[in-house]
Amino acid sequence: MRIARFSHQDAIRYGIVDDTDLVVLEGDPMFAGFDTTGERVPLGDVALLAPVIPRSKVVCVGRNYRAHAEELGNEVPAEPMLFLKPNTAVIGPGDVIVRPPQSKFTSFEGELAVVIGSIAKNVSVERAPEVVFGYTIANDVTARDLQMTDGQWARAKGFDTFCPLGPAIETDFDVATATLETRLNGEVAQRAPLTDMIHSVADIIAYASAAFTLLPGDVILTGTPSGVGPFEAGDTIEVEISGLGTLRNTARDA
């Protein structure tokens, strides 16, 4: 099932994607279930929004693809390397990424995103799938120069607009068969199977929930393959994951 969050006639609503239509839901399915209103809205008549706004946090995993760690001259971590993005960084498909004046080197990082569906604390690897609501696509935008000079990543990863998500949440998704591809102005920059991840989705959920409680609506970004690179104002970044669709955003300077 594919769930979209959308704006239509000055209201923000949720719907199940059914071919070219949205079957409108009574409320946020994460909390209100999948009861429908009986209304159908053409996809072409709505503006898709970020499919979820995390209630508390975006949990990210650094260096979770061996080739990406190596391309930046870093060691591969033995355990998931966690950092956080604020929920104010989240934007949706079609929204504009704003390059801040503090940075001269902003970079794209296409990633698989996991949406948490229930309160999760000290979840085992075996039980990790039980707390997943679904999957979507993310772009972990990074001010690479600030990441290097700051020493820690909160500012470099946390600017407003630095976490595009979308276009929808897929509740039935097989990580083992999917491939990620990122394109900059139509040219392929990143391409890798999701099975290239060092730490699996279940491993990441278990590791993160041992440190802090994950809440419904929290999002986990699972790391990026090699091929990351800079983008400029006017560029278009597309992150496509087979089975999830394409997340497309353009960029401008602040």
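A. Representation of the overall build of the protein chain within the structure. Broken down by element type, the protein chain carries five helices and 20 strands. Its C-alpha atoms give the protein chain a radius of gyration of 17 Å, near enough to 18 Å, the size a compact globule of 254 residues would have. Projected onto its principal axes, the C-alpha coordinates of the protein chain cover approximately 55 × 45 × 30 Å. Taken over 254 residues, the protein chain has a buried fraction of 53%. Considering only residue pairs separated by 6 or more positions, the protein chain has 72% of its internal contacts joining residues 24 or more positions apart.

B. Representation of the nonpolar core in the model. Counting residues in hydrophobic clusters, the biggest one holds 65 residues, and the most contacted among them are Leu112, Tyr135, Phe173, Leu194, Ile205 and Ile241. Discounting residues that sit within four places of it in the chain, Ile205 has contacts with Val114, Ile116, Ala128, Val131, Val132, Leu214 and Ile220. If you look at the next biggest cluster of nonpolar residues, it comprises seven residues, including Phe6, Leu22, Val41 and Val46.

C. Looking closely at the pairing of strand β14 (residues 163-170). Within β14, eight of the eight residues are buried, which leaves the element mostly enclosed by the surrounding structure. Pairing of strand β8 (residues 90-91) with β14 involves two bridges; the strand directions are parallel. Looking at β14, one finds that Ile91 is bridged to Pro164. In the sheet, strand β12 (residues 132-139) pairs with β14 via three bridges, with the strands oriented antiparallel. Pairing of Ile137 across the sheet is with Gly166, part of β14.

D. Quick peek at the packing of aromatic side chains. Counted under the stated rule, the structure contains four aromatic pairs. A centroid spacing of 6.3 Å and a plane angle of 5° characterise the contact between Phe34 and Phe133, whose relative ring orientation is stacked. Note that Phe34 is positioned in the loop between α1 (29-32) and β4 (36-42) and Phe133 in strand β12, a separation of 99 residues in sequence. When its relative accessible area of 37% is taken as the criterion, Phe34 is described as partly exposed.

E. Structural context of the sheet that holds strand β19 (residues 236-241). Spatially, the five strands line up as an open sheet ordered β9-β20-β19-β15-β16, and their pairing is mixed. Edge positions in the open sheet fall to β9 (96-99) and β16 (187-193), since each of these has one partner strand only. Taken pair by pair, the neighbouring strands of this sheet meet at an average axis angle of 20°, ignoring direction. Sheet topology note: the strand β15 (residues 179-184)/β19 ladder contains five bridges and is antiparallel. Opposite Thr182, over in β19, you have Val239 as the bridge partner.

F. Region of the structure containing the state of the cysteines. A complete count under the given rule lists zero disulfides for this structure. Here Cys60 is not disulfide-linked; the sulfur of Cys163 is the nearest cysteine sulfur, at 6.3 Å.

G. Local environment of the side chain of Thr106. Along the chain, Thr106 falls in strand β10 (residues 106-108). Among all residues touching Thr106, those that are not within four sequence positions of it are Arg99, Pro100, Thr142, Ala143, Phe162, Gly229, Pro230 and Phe231.

H. Region of interest: the sheet that holds β10. Sheet architecture is open: three strands sit in the order β13-β10-β18, paired in antiparallel fashion. Across the chains shown, the open sheet's two edge strands, defined by having one partner strand only, are β13 (142-143) and β18 (229-230). Two strands pair when backbone bridges link them, and β10 and β18 are joined in this way by two bridges, in the antiparallel orientation. Across the sheet, the residue bridging to Ser107 is Pro230, located in β18.

I. Expanded view of helix α5 (residues 201-209). Counting buried residues along α5, seven of its nine residues qualify, which places the element largely inside the surrounding structure. Within α5, the full set of buried residues consists of Val201, Ala202, Ile204, Ile205, Ala206, Ala208 and Ser209. Of the surrounding secondary structure, the elements contacted by the buried residues of α5 are β6 (58-62), β7 (81-85), β11 (110-116), β12 and β17 (219-221).

How each quantity is defined
Residues numbered from 1 in each chain as written. Predicted model: local features only at pLDDT ≥ 70, side-chain atom pairs only at ≥ 80, totals over all residues. Heavy atoms only, no water. Helix = DSSP H or I, 4+ residues; strand = E, 2+ residues; numbered from the N terminus. Rg over C-alpha atoms; globule rule 2.2 N^0.38 Å. Buried < 20%, exposed > 50% of the residue type's maximum accessible area, 1.4 Å probe, protein only. Contact = heavy atoms within 4.5 Å. Core = buried A, V, L, I, M, F, W, Y, C linked by side-chain atoms within 4.5 Å. Pairing = 2+ DSSP bridges. Phe/Tyr/Trp six-rings, centres within 6.5 Å; stacked < 30°, edge-to-face > 60°. Axes fitted to C-alpha atoms, helices over the stretch in contact; angles between N-to-C directions. Disulfide = S-S within 2.5 Å.

So far we have only geometry, and geometry alone does not tell us how the molecule works.
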